[in-house]
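If you want the building blocks of each chain, they are given just below.
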Amino acid sequence: MTTTPEAPNLGRAQARKEDARLLTGRTNWTDNIRLPGALHVAFVRSPLAHARITGVDYSAALELPGVVAAFSGADFADEQGSLPCAWPVTEDIVTPAHPPMAVDEVRYAGEAVACVVARDAQSAADALEAVDVDYEPLPAVLDMEAALADGADLVHADAGTNRSFLWPLTEGDVDAAFDGADVVVTRRYRQQRLIPAAMEPRAVVCRPEGDSFTLWSATQIPHVLRVMLAMTTGIPEQDIRVIAPDVGGGFGSKLQVTAEEVLALLLARRLGLPVKWTETRSEGFQTTHHGRDQIQDVSIAADADGRIRGLKVDLLADMGAYLMLVTPGVPILGALMFPGIYKMDAYSFSCTGVFTTKMPTDAYRGAGRPEATYAIERIMNELADELGMDPLELRRRNWIAHEEFPYTTIAGLTYDSGNYEAATERAVELFGYSELRAEQERRRAAGDPVQLGIGVSTFTEMCGLAPSRVLGSLRYGAGGWEHASVRMLPTGKVEVVTGSSAHGQGHETAWSQIVADRLGVPFEDIRVLHGDTQVAPRGMDTYGSRSLVVGGTAVVRACDRVVDKARAIAAHMLEAAEEDLEFSGGVFRVRGTERPSATIQEVSLAAFAAHDLPEEMEASLDSEATVDPDDFSYPHGTHLCAVEVDTETGRTRIRSYVAVDDVGTIVNPMIVEGQVHGGLAQGIAQALYEEAVYDTEGNLVTSTMADYLLPSAADLPDFTTDRTVTPSTTNPLGVKGVGEAGTIASTPAVVNAVVDALRPYGVRDVPMPCTPERVWRAVTGVQDNEGAAQ
Amino acid sequence: MIPPRFDYTRPATLAEAVGILAADEDAKVLAGGQSLLPLLRFRLASPTSVVDLGAIAGLRGVADEGGHVRVGALTTHYEVVNDPLIAAHCGLLAQATRTVADPAVRHRGTIGGSMAHADPAGDLPAVALALAAEFLVTGPGGDRSVPAAEFFVDYLTTALEPGEVLTAIRIPKLDGWSFHYEKFSRTAQAWAIVGVAAAVRRVNGDITEARVGLTNMGTTPVRADSVESACRGIPAQADAIHEAARSADAEADPPSDLSAQADYRRHLARVLTGRALARAAGS
């Protein structure tokens, strides 16, 4: 069910109710939590990418003023367990032990080897320099292909290999598709390593309370974290309460069970006092999990008229030194998305997970799907070039037509709904596609040193993670359901408890809009509670654009149950049959009569007083629901980007950017707009600006914002955004998810534009990020002879 | 990101500041703090004491000294950008200062701090060099003046002796000249990969004199003497200017680092010098 005339909240650009406290910082950011007697923790981290630890001496640190304790990994070896990987993607996957503090060996620069605990943060920071660690260097392993060669130096000697897993998929007759093809295009694309860089750094506070513990963390996943802390440390789950207070962004980087969280819990237990740790920005760049980092070998086969016959994808995915929470699952999430919106006869995919001595990779906004979308949308443009065809025309000839939905793709996913024609038509119109093509021709003909390029990206993604049965079939360790409870209070106000865990998305506002309409109560009367395992005991948290699709559906269902219960009580109050009552605008009326009515607030008070309830009716007006989605949802859209590339300096300037997204039914267009803008910024950042670079010894050299270039508003163009609305059929709201769309769509749109600008110069690819220097080298052919290790 | 412990003093007079600095070679001067504080927070600097010049009268502000404009060392970038004297006589300085970092930094950071930090990637040293500014210094031995060509000695190193404080920069008025600062950086707030400070004097459609300073093309700012010579007497026209700019990197020894390799920097210096001179010359 979607909006009704009595549903004024859904679809309204309601200002976000959480913003005042988030924007002013007058709230419980984890680092704002100050507990009496709390001790401050700082970590001694390895300066080497790979080394054996031969000695840790912290005796000098213990002598310093303010220092209370110091520990090495060996001091916790018996109780710290191994950080969990919840997604062993194959039966024979190599999953090395991952102690929160290294005991014998470090395998990436930045890995924690010891910690100091002091009465204040300054003393803890000062004491780090007094801890003496002896290392015996081992070879760094930095290049994925070299790591897989015979005789390669090993990240984990015990494993005997740097290969973690091989995950294959074949659908259709791939050989036949390629053998008979008129055109085959083969390319290698590189997904550079990225640093998520949420605005709020990671932070954790843990307080012991007798035998139990309360742990506050800047996490996306309080519920998953609680389970995993119990499983990792052996502390009984019922003795751990996890609170994610207001959290300032995550983008996947806080979808993790971190060494620092486990150690905060163990330190609080060991010391019997509250402990606190907040990372520095450079520490975060080095040791909060990274994203992407794949080598993609992609081949596409097509007939001369452009019809796609088959697609082959071989990935090398850099796991980094260890498998963290969903490290190996990230490329597998992408496995099903390489075919994108296109029909084809055959598809093969394989992914090899490779260990290197770098920070582990894991989920980063889009998680697998940006990588897939980049590869297919880039190679579609190359195929179009090969065929001498307009890239939009090639797409039209291959995409799933509106009337073909629901459509089961070659990868086996069933896309429920979509209208690629409508989104593309709108984008082309807003962009002025043919005018820009004409200008491009003129500038090419004139030999303009500033060339115009046009980039196309017609993307889809799978959101609403996820049906538990599908996750199970992909060997993920947990389900994909979500929980909500809705309770009317005696005064007629409403508390909504959600198992999703907002960290900037605006759930409090969006959920309130949904509930206001379902219950017919004022938006202002609703409070949304989340992120505390004692307040919201059941939940699967927030990632993968799942909150509204799955969590919102749970809210809807819980509201409907509240209304059902209220109807029974109202019928009793009004001395009418339930089926004779109509409910609208928060009021129960006897249909077709002038008889007295009852508001839901009056029903709530009656349910609280419980003086006169129907037979066997329980007191209080509340309900709950746990929803496991039937299937994914599939947002899509058409993004068009025009760039001007200065061929003399290599600089790329985005001249215009049009994003027409179809995210299904819109709850709050302002929130959608914000998600699209932020997503575009992050996707454009991958295309043009950001790259985590390790030097030849395995040190991260982009460890500050002076070196790792996050674009700001000053670097981004005005975005032209619009939407088409093709409701999802897999959930009652018709929503599809929007958290990742902009990021997924924009990277290939921008790079396609850059390459398009440079085609007259013979350029067919520019590695990401398309820095001015790389563009200049692509144009001139001047070799890069001093390249840093990638 | 917590600095190491240090003493902090805020002397009321220049003499007092010089005294503290002369007595302790590990003391560091704090002006606007936009370079020092990051160094402290990364623990790349561990001074025993930080000497804040903020309370000393007379170090801030802009004055007309006839043939020169005198800019107090503690004058903020924001003040430089908005000062009418600088706009009238040293427009190149204002234009380059407008490109420094972001508004927050420009409200805190000072011209003296930027010069004394002597980061070759900073925008202002190349401007000072191109404009042949003089650096006024007070130390235990009294006052002295150092020409820009001698002030920038090496990477993050100036001619300032222990105990000396930079008090002002004197910039010759280049009335009748035209100018342009061309900055090339990857993001709006990033350091320049290459910057070009250019000023030209034109008579009857010819360039009679040119000044070119380069940002981030060596361990110090670089004066592009070859281009200046090549420009002398050429028509103020794009073709001739770009031809002259081909020697822009002749005096440079650019670094290879994360943001650019040396060969690309050399190429950029040539292209951007041509553009800066052409803009300055109005062609």
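A quick note: this is a predicted structure, and the numbers were derived from the prediction, not measured.

**As for the interface of chain B and chain A**
Part 1: Residue-level contacts link 29 residues of chain B with 39 residues of chain A.
Part 2: Interface area, chain B with chain A, both sides summed: about 2,500 Å², of which 52% is carbon and sulfur.
Part 3: Counting the surface chain B buries against chain A, the share from its top three residues, Arg 186, Leu 258 and Gln 261 of chain B, is 27%.
Part 4: Summed over the shared surface of chain B and chain A, the number is six salt bridges.
Part 5: Partitioned by chemical class, the residues of the side of chain B that touches chain A number 16 nonpolar, seven polar and six charged.

**Regarding the packing of helix H6 (residues 222-233) of chain A against helix H7 (residues 259-271) of chain A**
Residue and element names in this part refer to chain A.
Part 1: As a packed pair, H6 and H7 sit with axes 11 Å apart at the nearest point and diverge in direction by 65°. Between H6 and H7 lies a crossing whose hand is right-handed. Contacts between H6 and H7 involve Leu 225, Leu 229, Thr 232 and Thr 233 from the first element and Glu 261, Val 262, Leu 265 and Leu 266 from the second.
Part 2: Its residues placed into classes, the contact of H6 with H7 shows five nonpolar, two polar and one charged.

**A few points about the domain arrangement of chain A**
Residue and element names in this part refer to chain A.
Part 1: Here the domain parsing of chain A yields domain 1 (19-25 + 481-627), domain 2 (33-138 + 199-249 + 254-287) and domain 3 (291-465 + 631-780).
Part 2: Between the C-alpha centres of domain 2 and domain 3 the distance comes to 36 Å.
Part 3: The contact between domain 2 and domain 3 buries some 2,400 Å² in all, and 73% of this surface belongs to carbon and sulfur atoms.
Part 4: Considering only the surface of domain 2 that becomes buried against domain 3, Trp 87, Gln 256 and Phe 285 emerge as the three largest contributors, covering 26% of it.
Part 5: Connecting domain 2 to domain 3 are seven residue pairs in polar contact (both at pLDDT 80 or more).
Part 6: In terms of residues, the side of domain 2 that touches domain 3 owes the most to one element, helix H8 (residues 281-287), which gives five residues.
Part 7: Of the residues belonging to the side of domain 2 that touches domain 3, the class tally is 20 nonpolar, seven polar and four charged.

**Digging into empty space enclosed by the protein**
All names here are of chain A.
Part 1: Tallied over the entire structure, the rule returns six cavities of 30 Å³ or more.
Part 2: What the largest cavity holds in volume is close to 120 Å³.
Part 3: Taken together, 18 residues line the largest cavity, and the ones lying closest to its centre are Tyr 108, Ala 259, Glu 260, Thr 287 and Met 324.
Part 4: Split by residue class, the lining of the largest cavity holds seven nonpolar, seven polar and four charged.
Part 5: Taken as a whole, the second largest cavity encloses approximately 100 Å³ of empty space.
Part 6: Considering the residues around the second largest cavity, the lining is formed by 14 residues, among which Ala 197, Ala 198, Glu 279, Arg 281 and Thr 288 are closest to the centre.
Part 7: Looking at side-chain class alone, the lining of the second largest cavity contains six nonpolar, three polar and five charged residues.

**Some thoughts on the sheet that holds strand S14 (residues 222-223) of chain B**
All names here are of chain B.
Part 1: The antiparallel open sheet is built from four strands, whose spatial order is S11-S12-S13-S14. The open sheet has two edge strands, strand S11 (178-184) and S14, and neither has a second partner.
Part 2: Against the sheet, helix H5 (residues 91-98) makes contact with S11 and strand S12 (194-203), and its axis sits at roughly 20° relative to S11, the strand it touches most.
Part 3: Running over the sheet, helix H8 (residues 123-130) touches S11, S12, strand S13 (206-215) and S14 and is turned about 145° from S13.

**What to know about the pattern of salt bridges**
Residues and elements named next belong to chain A.
Part 1: A complete count under the given rule lists 76 salt bridges over all chains for this structure.
Part 2: Salt-bridge contacts for Glu 382 lead to Arg 378; the nearest nitrogen and oxygen are separated by 3.2 Å. Of this pair, Glu 382 and Arg 378 both sit in helix H10 (residues 369-387), separated by four residues, roughly a single helical turn. Across the pair, exposure class does not vary: Glu 382 and Arg 378 are buried alike.
Part 3: Arg 723 is the salt-bridge partner of Glu 673, the closest N and O atoms lying 3.3 Å from each other. One end of the pair, Glu 673, is in helix H18 (residues 669-688); the other, Arg 723, is in strand S28 (residues 719-723), with 50 residues separating them in the sequence.
Part 4: With relative accessibility at 25%, the residue Glu 673 sits in the partly exposed group.
Part 5: Taking the relative accessible area as the measure of exposure, Arg 723 reaches 26% and is therefore partly exposed.

**Some thoughts on the side chain of His 98 of chain A**
Part 1: Here His 98 of chain A is to be found in the loop between strand S3 (67-72) and strand S4 (105-106).
Part 2: Beyond its immediate stretch of four places on either side in the chain, His 98 of chain A contacts Gly 81, Ser 82, Leu 83, Tyr 322, Leu 323 and Met 324 of chain A.

**So, the nonpolar core**
All names here are of chain A.
Part 1: Of all hydrophobic cores here, the largest spans 162 residues; its most connected members are Phe 349, Tyr 657 and Ile 684.
Part 2: If you tally residues by element for this core, the top one is H10, at nine residues.
Part 3: Two domains each put at least three residues into this core: domain 2 (33-138 + 199-249 + 254-287) and domain 3 (291-465 + 631-780).
Part 4: Grouped together as the second largest cluster of nonpolar side chains are 47 residues, Val 494, Val 515, Val 528 and Ala 570 included.

**Side note on helix H11 (residues 391-398) of chain A**
All names here are of chain A.
Part 1: Of the residues making up H11, those classed as buried are Pro 391, Leu 392, Leu 394, Arg 395 and Asn 398. When H11 is viewed along its axis, its buried side chains cluster within an angular range of 160° and face the same direction.
Part 2: Next to the buried residues of H11 lie strand S14 (308-320), H10, helix H12 (420-431), helix H13 (433-446), strand S18 (450-460) and helix H19 (741-758).
Part 3: Where H11 begins, the side chain of Asp 390 points an oxygen toward the backbone nitrogen of Leu 392, at a separation of 2.7 Å.

**Re the environment of Gly 506 of chain A**
Residues and elements named next belong to chain A.
Part 1: Its location among the elements puts Gly 506 in the loop between strand S20 (494-498) and helix H15 (507-519).
Part 2: Its relative accessible area of 1% is what places Gly 506 among the buried residues.
Part 3: In the structure, Gly 506 is positioned 121 residues away from Asp 385 in sequence and 42 Å away in space, judged by C-alpha atoms.
Part 4: If near-sequence neighbours (up to four positions away) are discounted, Gly 506 is found in contact with Arg 16, Glu 18 and Ile 671.

**Some remarks on the packing of aromatic side chains**
Part 1: The full count for this structure, using the stated rule, is 19 aromatic pairs over all chains.
Part 2: Where Tyr 657 of chain A meets Phe 719 of chain A, the ring centres are 5.9 Å apart and the plane angle is 85°; that geometry is what we call edge-to-face. You can see Tyr 657 of chain A sitting in strand S27 (residues 652-662) and its partner Phe 719 of chain A sitting in strand S28, a full 62 residues away along the chain.
Part 3: For Phe 719 of chain A, a relative accessible area of 15% corresponds to the buried category.
Part 4: Pairing Phe 135 of chain B with Phe 151 of chain B gives two aromatic rings, centres 3.9 Å apart and planes at 5°, and the pair type is stacked. You can see Phe 135 of chain B sitting in strand S6 (residues 134-139) and its partner Phe 151 of chain B sitting in helix H9 (residues 148-151), a full 16 residues away along the chain.

**As for the domain arrangement of chain B**
All names here are of chain B.
Part 1: Domain parsing of chain B yields domain 1 (7-53), domain 2 (62-172) and domain 3 (178-280).
Part 2: Summarising the inter-unit geometry, the C-alpha centres of domain 1 and domain 2 are found 18 Å apart.
Part 3: Considering only the side of domain 1, the residues that lose the most area to domain 2 are Leu 14, Val 18 and Gln 34, jointly responsible for 41% of the buried surface there.
Part 4: Counting across the interface, domain 1 meets domain 2 through zero salt bridges.
Part 5: Taken together, the connections running from domain 1 to domain 2 amount to zero residue pairs in polar contact (both at pLDDT 80 or more).

**Notes on a negative patch on the surface**
Part 1: A cluster of like negative charges, contributed by Asp 564, Glu 578, Glu 579 and Asp 580 of chain A, occupies part of the molecular surface.
Part 2: Here Asp 580 of chain A lies in the loop between helix H16 (547-574) and strand S22 (581-584).

**Focus: the sheet that holds strand S19 (residues 482-488) of chain A**
Think of a sheet as strands paired side by side through backbone hydrogen bonds, with each pair either parallel or antiparallel.
All names here are of chain A.
Part 1: Overall, mixed pairing links the four strands, which are arranged S21-S20-S19-S25 in an open sheet. A single partner strand is all that each edge strand has here, and the edge strands are strand S21 (526-529) and strand S25 (621-627). Each neighbouring strand pair of the sheet contributes to a mean axis angle of 15°, computed without reference to strand direction.
Part 2: By the bridge criterion, five bridges tie S19 to S20 in an arrangement that is antiparallel. Looking at the pairing, Met 488 lines up with Val 494 of S20.
Part 3: Contacting S19, S20 and S25, H16 crosses the sheet at an angle of about 145° to S25.
Part 4: Sheet strands in contact with helix H17 (residues 600-609) are S19 and S25, and its direction is about 100° off that of S25.

Thresholds, definitions, all that
In every chain, residue numbers begin from 1 and rise along the written sequence. Both sets of labels track the order of writing: A upward for chains, 1 upward for ligands. Residue-level local features of this predicted model are given only where pLDDT is at least 70; pairs of side-chain atoms are given and counted only at 80 or more, and the full residue set underlies all totals for whole chains, interfaces and linings. As a convention, hydrogens and water are excluded, and side-chain values are obtained from all of the structure's heavy atoms. Pairs of residues are marked as contacts when any of their non-hydrogen atoms sit within 4.5 Å. A simple way to read buried area is as the amount of 1.4 Å-probe accessible surface that goes missing from two parts once joined, with both sides added. What makes a salt bridge here is a side-chain nitrogen of Lys or Arg within 4 Å of a carboxyl oxygen of Asp or Glu, nothing more. The classification used treats Ala, Val, Leu, Ile, Met, Phe, Trp, Tyr, Cys and Pro as nonpolar, Asp, Glu, Lys and Arg as charged, and all other residues, Gly among them, as polar. As a rule, the C-alpha atoms of each element are fitted with a line to give its axis, helices using only the stretch in contact, and angles between N-to-C directions run from 0 to 180 degrees. We count a stretch as a helix when DSSP gives it H or I for four or more residues in a row; a strand needs E for two or more, and each element gets its number in order from the N terminus. What makes a crossing left-handed is the near helix being turned counterclockwise from the far one by less than a right angle; a clockwise turn instead makes it right-handed. All domain edges in this entry derive from an automatic or database-based domain assignment. Under the rule applied, a polar contact is a pair of N or O atoms within 3.5 Å (in protein, one hydrogen donor and one hydrogen acceptor; residues adjacent in sequence only if both atoms are side-chain atoms). Buriedness of a pocket was judged along seven lines, with at least five required to meet protein on both sides within 12 Å; pockets are open sets of points on a 1 Å grid over the protein atoms alone, cavities are sets where a 1.4 Å probe fits but cannot get out, and lining residues have an atom within 4 Å of a point. Grid points are joined across faces, edges and corners, and a volume is the space filled by probe spheres set on the points. We treat two strands as partners when DSSP finds at least two bridges between them. Exposure categories follow from relative accessible area, calculated using a 1.4 Å probe and restricted to protein chains: below 20% of the type maximum is buried, above 50% is exposed, and the middle band is partly exposed. Only buried Ala, Val, Leu, Ile, Met, Phe, Trp, Tyr and Cys residues count toward a nonpolar core, and they belong to the same one when joined by side-chain atoms within 4.5 Å. What the arc covers is the set of directions going from the helix axis to the C-beta atoms. Each aromatic pair joins two rings of Phe, Tyr and Trp (for Trp, the six-membered one) with centres within 6.5 Å, and gets the label stacked for planes under 30 degrees apart, edge-to-face for over 60, and tilted for any other angle. Without a salt bridge and with relative accessible area above 30%, a residue can belong to a patch; like charges are then joined within 9 Å and nonpolar side chains (Val, Leu, Ile, Met, Phe, Trp, Tyr) within 5 Å. All accessibility values rest on the Shrake-Rupley procedure with a 1.4 Å probe; residue burial counts only the protein chains present in the view. Counting rule applied: Lys, Arg positive; Asp, Glu negative; His and chain ends not counted. By convention, the point assigned to a charge is CZ for Arg, NZ for Lys, CD for Glu and CG for Asp.

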